[in-house]
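Chain by chain, the residues:
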Amino acid sequence: MKKKDFTRRRFIATVSAGSVAAAASNVVSPFGNITYFNRQSGKLAILGGDPVRKNKDWPKWPYVDEKMVDGIVKTTRSGIWCRIQSETGTVPTFEKEYASLMGTRGCVSTGSGTQALNTCVEALGIGPGDEVITSPLTDPGTISSILTSRALPVMADLDRESFQIDPDEIEKRITPNTKAIMPVLIGGQPCNMDRIMAIAAKHNLRVIEDAAQAHLGVYKGKKLGTIGDLGCFSFQASKTIACGEGGAVIGNNEELMDKCFTVQNHGTNHQGRTVVGGPKYRMNEFEAAILLGQLPGVKERFAIRNKNAAYLNSRLKDFPGLVPQKLYEGTESGSYYLYMTTYKKEHFDNAPRSKFLRALEAEGVSLSAYLPNGLHREPWTEHILNLKVYQKMYSPERLKQYRDELSCPNCDKAIDEIAMIWASGPLLGSEQDMDDIINAVMKVHENRDKLNSL
Ligand SMILES: Cc1ncc(COP(=O)(O)O)c(C=O)c1O
């Protein structure tokens, strides 16, 4: 959790007589399943009361240990800094270990998740004139990976409760130029992958899983990233497996994985022949040394996050004010890169989410709104519609239709309502840490009559 200086936000409260009475009477929650551990009701910290959580750190992220530091020193001293210097260096070793962890035949590492996604787009031969359907609720890297190949990212609206791309909306957006679906596994949870794979089969489309946030999650017995034709991961510093900046593609089709290798190696294949034009996206040996240091204990950390998420879900079960992300049938586990909920302001005296989040932060529990906009509402759409290459490759009718269909109302609602935890570190905490989260939410809820005047 981000620690902030709350003093600038603290101001003299104009506490009404009624709210003082409510705090003093220690109001009991009306929601059956919500019980208080270490009850800390009373005046909101933002109004000068005692915070629920004081002088306690959240588990730090990214994970670091001495062995990892030793690994970096060893790589530095070895002089093997680039993957082409050795077939047994840290990059090829990491690729083998990651493929084995994910249960795939192949893994190709890259310098970022965005590069991994673009490697797949290129390897599948997707380019100008082609369309890829994806989610608007994502990191800009998703969209960028399609734009880099001058293809058209078509955004389909979300299922509002899961924040995942809605398969019905995907089907509505398929045109004769659609070549692939790029489902974003937001928060590290599965999309409705059965439906997505069925749509892809019906329309002969490829599926590139944007599993950038979804390390080790499982849907119907399959690891996320192994369900589509190819799966992509990010190892950016905040991810549940991290090295600063890094990425990987995984897959079982050897021919396709060879193409991915060639793409990320400036078009030069395993045999050393430069066979296509391609970017240079190679991971370096220092990044892989850190990743190798992250792998021991990764399953244990994954299990702790899942246990804590299940505990939070159970504590929030009967509380309508904060509704955990809907999980599709068949979801066995998630990465819990994000712990996502919907903030229902009608249960907080209609107070805007920003006031709820500020009050919560003052209690020592930091939830965030995630993104300021769905990607369909960012200016890049107008930029590409005015680019010569897009005007040449797509008909004026198609571009007009594209502009007219840039609406994703469920995504817009989600953007206004998401309250989520950057969970890689915090969800490694103890049950007491999880209780602090719930206690802070409940304390703010009890004091909801004060939120609007903050
Ligand atoms: C869903 C999603 N897709 C793609 C990316 C891009 O990955 P990277 O930042 O490693 O390029 C991210 C990174 O946050 C992401 O969360």
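Cut-offs used in this document
- Residues numbered from 1 in each chain as written.
- Predicted model: local features only at pLDDT ≥ 70, side-chain atom pairs only at ≥ 80, totals over all residues.
- Heavy atoms only, no water.
- Pairing = 2+ DSSP bridges.
- Helix = DSSP H or I, 4+ residues; strand = E, 2+ residues; numbered from the N terminus.
- Core = buried A, V, L, I, M, F, W, Y, C linked by side-chain atoms within 4.5 Å.
- Buried < 20%, exposed > 50% of the residue type's maximum accessible area, 1.4 Å probe, protein only.
- Contact = heavy atoms within 4.5 Å.
- Salt bridge = Lys/Arg side-chain N within 4 Å of Asp/Glu carboxyl O.
- Right-handed = clockwise from strand over helix to strand, strands pointing away.
- Axes fitted to C-alpha atoms, helices over the stretch in contact; angles between N-to-C directions.
- Left-handed = near helix turned anticlockwise from the far one by under 90°.
- Near = heavy atom within 4 Å.
- Polar contact = N/O pair within 3.5 Å; in protein donor to acceptor, adjacent residues only side chain to side chain.
- Phe/Tyr/Trp six-rings, centres within 6.5 Å; stacked < 30°, edge-to-face > 60°.

(A) Structural context of the sheet that holds strand β11 (residues 331-333). The antiparallel open sheet is built from three strands, whose spatial order is β7-β6-β11. Of all the strands in the sheet, the pair left with one neighbour each is β7 (222-223) and β11. Strand direction decides the pairing type here: strand β6 (residues 218-219) and β11, joined by two bridges, are antiparallel. Residue pairing for β11: Val 218 is matched across the bridge by Ser 333.

(B) Examining the nonpolar core more closely. Grouped together as the largest cluster of nonpolar side chains are 74 residues, with contacts concentrated most on Tyr 98, Phe 235 and Tyr 402. Sorting elements by how many residues they give to this core places helix α3 (residues 90-102) first, with six residues. Apart from the residues within four sequence positions on either side, Tyr 98 is in contact with Cys 107, His 215, Phe 233, Phe 235, Ile 241, Ala 248 and Ile 250. Within the second largest apolar cluster, 37 residues are counted, among which are Ala 351, Leu 360, Val 365 and Met 442.

(C) Just the pattern of salt bridges, in detail. Counted according to the given criterion, the structure contains 22 salt bridges. For Lys 179, the salt bridge goes to Asp 130, with nearest N and O atoms at 3.2 Å. Of this pair, Lys 179 sits in strand β4 (residues 178-182) while Asp 130 sits in the loop between α4 (113-123) and β2 (131-134), and the two are 49 residues apart along the sequence. Classification of Lys 179 by relative accessible area gives partly exposed; the value is 34%. With a relative accessible area of 12%, Asp 130 lands in the buried category. Close ionic contact of Glu 171 with Lys 202 constitutes a salt bridge, the shortest N to O distance being 2.9 Å. In this pair, Glu 171 sits in helix α6 (residues 167-172) while Lys 202 sits in helix α7 (residues 193-203), placing the two residues 31 residues apart along the sequence. A residue is classified by how much of its surface remains accessible, and Glu 171, at 27% relative accessible area, is partly exposed. Linked by salt bridges that have partners in common, Arg 53, Lys 56, Asp 433 and Asp 436 make up one network.

(D) Molecular detail of the pairing of β4. A large share of β4 lies buried, amounting to four of its five residues. Across four bridges, the pairing between β2 and β4 is parallel. Each residue of the ladder has a partner; that of Thr 134, found in β4, is Met 182. Two elements, β4 and strand β5 (residues 206-210), share two bridges in a ladder whose sense is parallel. When the sheet's bridge partners are listed, Ala 180 is paired in β5 with Arg 206. Running through α7, the crossover from β4 to the neighbouring parallel element β5 is right-handed.

(E) Fine view of the packing of α4 against helix α8 (residues 254-264). Interhelical geometry of α4 versus α8 gives an angle of 115 degrees and a closest axis separation of 9 Å. Of the two elements, α4 crosses α8, and the hand of that crossing is right-handed. Here α4 contributes Thr 119, Glu 122 and Ala 123 to the contact with α8, which in turn contributes Leu 256, Lys 259, Cys 260, Val 263 and Gln 264.

(F) The side chain of Ser 162, seen in detail. Tracing the chain through its elements places Ser 162 in the loop between β3 (152-155) and α6. When sequence neighbours within four positions are dropped, the list of residues in contact with Ser 162 reads Ile 186, Gln 325, Lys 326 and Tyr 328.

(G) Spatial organisation of the pairing of strand β13 (residues 418-422). Most of β13 sits inside the fold, with four of its five residues counted as buried. Pairing of strand β12 (residues 338-343) with β13, which is carried by five bridges, proceeds in the antiparallel orientation. Considered in β13, the bridge of Leu 338 is made with Trp 422.

(H) Summary view of the environment of Asn 306. Within the element layout of this structure, Asn 306 appears in helix α10 (residues 298-316). Spatially, the C-alpha atom of Asn 306 lies 27 Å from that of Ser 354, the residues being 48 residues apart in sequence. When sequence neighbours within four positions are dropped, the list of residues in contact with Asn 306 reads Ser 333, Gly 334 and Tyr 336.

(I) Structural context of the environment of Val 323. With respect to the helices and strands, Val 323 occurs in strand β10 (residues 322-324). A relative accessible area of 33% places Val 323 in the partly exposed class. Spatially, the C-alpha atoms of Val 323 and Tyr 343 are 6.7 Å apart, while their sequence positions differ by 20 residues. If we ignore the near neighbours within four places in the chain, the residues touching Val 323 are Met 340, Thr 341, Thr 342 and Lys 344.

(J) Molecular detail of the site of the ligand. Surveying the vicinity of the ligand reveals 15 residues, the closest of which are Gly 113, Thr 114, Asp 210, Ser 234 and Lys 239. For the ligand, an oxygen atom lies 2.5 Å from a polar atom in the side chain of Thr 114. A distance of 2.8 Å separates a nitrogen atom of the ligand from a polar side-chain atom of Asp 210. Examining the composition of the shell around the ligand, we find that three residues originate from one element, α4, more than from any other.

(K) Region of the structure containing the packing of aromatic side chains. Evaluation of the coordinates by the stated rule reveals 13 aromatic pairs. Arranged with centres 5.4 Å apart and planes meeting at 25 degrees, the rings of Phe 94 and Tyr 98 form a pair that is stacked. With a gap of four residues between them, Phe 94 and Tyr 98 both fall in helix α3, about one helical turn apart. Both residues of the pair, Phe 94 and Tyr 98, count as buried.

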